[in-house]
Structure formats: structure tokens, C-alpha cells
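An overview of the molecular structure
Listed here are the chains, written in short residue letters.
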Amino acid sequence: MNNFRSLLVNFLSNTIGKLLIIVRPAKAKRLERKGMTLVMGNRITFSEKLMRRAILKKVEKNENFEALEEFHKNYWKNNGPEFFDNTLDRLHKDLVICEFIFEHLKEQLLEEEDDYCTLVEIGTGNGTVLSYLSEEFPDLQELIGIDLSNEQTIRNKKKYHHNSKLNFINQDGFEWVLENGHSNTIFLTFMGVLEYFTESRLEEFLKTIATLGNSIFIAIEPNGLEHDFIKNPNSEPYGTERSFSHNYLKLFEKSNFKIWHHSKKKIEGDNSIISFIGATTQF
């Protein structure tokens, strides 16, 4: 009975959402341009939630994952500062959870023959993680934070102007790597960045980094709890955001990286499991 009721509610919600898109096409387009990744507080009305749900269902049904990726990019361009203003406490808790992977990175750097002087964080947000790492890794000469939000980048430059090692840039991370990437660089994504890439774009991104020369990649990324990599070794949308649960081991190894760390942690109260990947290009 409960299952039938749930199916009926989903059907009615999707049907109403489709009708609203037909009646209010301009509003639907505005939602797409602004981004629909997360719904926070009262920023979105009930009718907009129904439209958002119908839009996401349609693009996913058509396997138009590029459109889904574009929705995510639009969200972080337009709403990044609001998100980080509301999640500062959680970010500090996440750092405590993730400290162990940075200890593993220190050990890995001791084994490397070459020196690594640059760290690049893709999707740096409010710069908290980058600032923390500048203290944990004093031998790094430059720490670069790339973010899609111009407003957040401006904020970061003002907030951390006293730390000459930090450099914040408003750009798509993949485009920055294509234009400025170089060897002996540590790349980092923290608690969900690569999940907004399509599988094909993520593979291309990793292969591009692999061509730069010696590189280390620390990926701290969520996976869907129900994503069975044996049944489906490829990427799939998951959760309310409809971001992508990727098979990171497969994609890193396919892109000529050697995995030196892999572990997972379930975060209490979350609908995902966090994968921790430490990888080095094989040269």
C-alpha cells in the first residue's frame, strides 16, 4: 500500500511539473539557467520544485547527461556563495573526517623522487580547505583554488589576501588545466566536485592531467549508496541532486594513474558514501 501511494505521488508530481513547464516555459528556462542542483531553505517555491523535478526526470530519461552537467555548472556559478555561507560548520567537520587522507599524502610525497611545489584545488568554494593545506604542507610554494563562482573568487581574494601562497581563479577547472596545467602538481577535489562531471568529460579531464607529466590526484568524492559497480561499472545519476556516482577506480586506472590509496566512509545522515582516492600518474 505504501509503495503504491509513493508511486502515485511521484506520478502526480511529475505530471503537474510537466504541465507547469508547458504553462510557464520562461520560468522553466530561468530555473535551468540559474541551476537546480540543490534546494536550500525557501529559495525555491513549491511549483518550482515540481518543475525542477520534471526537468531532471526528462533529461535523465533521455540520457542527456551533458544537459544535466550544465545544470550543475549553472548552480555553482550562481549559488556557490549562498551554499558555503550556510554550510561553514559542516565544512570544518568534513575536514576532520578527511584529515587522514592528507596524512597519507605526506607519506606519499616522501616516496616521490621529484618535488611537488604546486597544489590545485578544483572547486575550491570558500577557500577553507586550501588555507588549511597551506599550513599542513609548508613546502608548497603555491596553492591555487579554481572555482566557477566569480563572486566567491572575489570573496576569497579579499579574505586570504594576507597569505601570499594562495591564488584564487574564477574559471572552469578543466579549462584551467588545458591552459595552465604542468607537471609536479598535486590536484585535489574535496567532498564533491567530480560528481558534477559527466563520465566522458571526467575521463577526458583525467587523461589530460596524465599527459602533463608527474601528477598526484587526491579525490574525495561521494558515491550513491546503491551503486553496484559489479552490476554497473559505469557512472549513473543518484540522489536528489542527480549528480553522478562515478567508478573512480576504473576511471583513474583507465587514464594511466596508479592508485596508492582507496578507502570509503559512510557519513552519518547522508545518502551517499565518500570515496577517498590517492593516485599518481605512471611515469
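Residues numbered from 1 in each chain as written. Predicted model: local features only at pLDDT ≥ 70, side-chain atom pairs only at ≥ 80, totals over all residues. Heavy atoms only, no water.

Its location among the elements puts Gln171 in the loop between β3 (166-170) and α8 (173-180). A distance of 3.1 Å separates a polar atom in the side chain of Gln171 from a polar atom in the side chain of Glu179. When sequence neighbours within four positions are dropped, the list of residues in contact with Gln171 reads Ile146, Asp147, Leu148, Trp176, Glu179 and Asn180. (Helix = DSSP H or I, 4+ residues; strand = E, 2+ residues; numbered from the N terminus. Polar contact = N/O pair within 3.5 Å; in protein donor to acceptor, adjacent residues only side chain to side chain. Contact = heavy atoms within 4.5 Å.)

On to the layout of surface pockets. Computed from the structure, the largest pocket encloses a volume of approximately 900 Å³. Taken together, 45 residues make up the lining of the largest pocket; nearest its centre are Trp76, Met191, Gly192, Glu195 and Tyr196. Contributions of two or more residues to the lining of the largest pocket are made by α4 (65-86), α5 (88-111), β1 (118-122), α6 (128-136), β2 (142-147) and β9 (272-281). Classifying every residue of the lining of the largest pocket gives 17 nonpolar, 17 polar and 11 charged. (1 Å grid on protein atoms, 1.4 Å probe; cavity = no way out; pocket = protein on both sides within 12 Å on 5 of 7 lines; lining within 4 Å. Points joined across faces, edges and corners; volume = space filled by probe spheres on them. Nonpolar A, V, L, I, M, F, W, Y, C, P; charged D, E, K, R; others polar.)

In terms of burial, β9 is largely enclosed, as 10 of its 10 residues are buried. Every second residue of β9 is oriented toward a common face, with Ser272, Ile274, Phe276, Gly278 and Thr280 on one face and Ile273, Ser275, Ile277, Ala279 and Thr281 on the other, all of them buried. The sheet contact formed by strand β5 (residues 215-224) and β9 spans 9 bridges and is antiparallel. In the sheet register, Glu221 faces β9, and the bridge partner there is Ser275. Two elements, strand β8 (residues 257-266) and β9, share 9 bridges in a ladder whose sense is antiparallel. Looking across to β9, one finds that His261 is bridged to Gly278. (Buried < 20%, exposed > 50% of the residue type's maximum accessible area, 1.4 Å probe, protein only. Pairing = 2+ DSSP bridges.)

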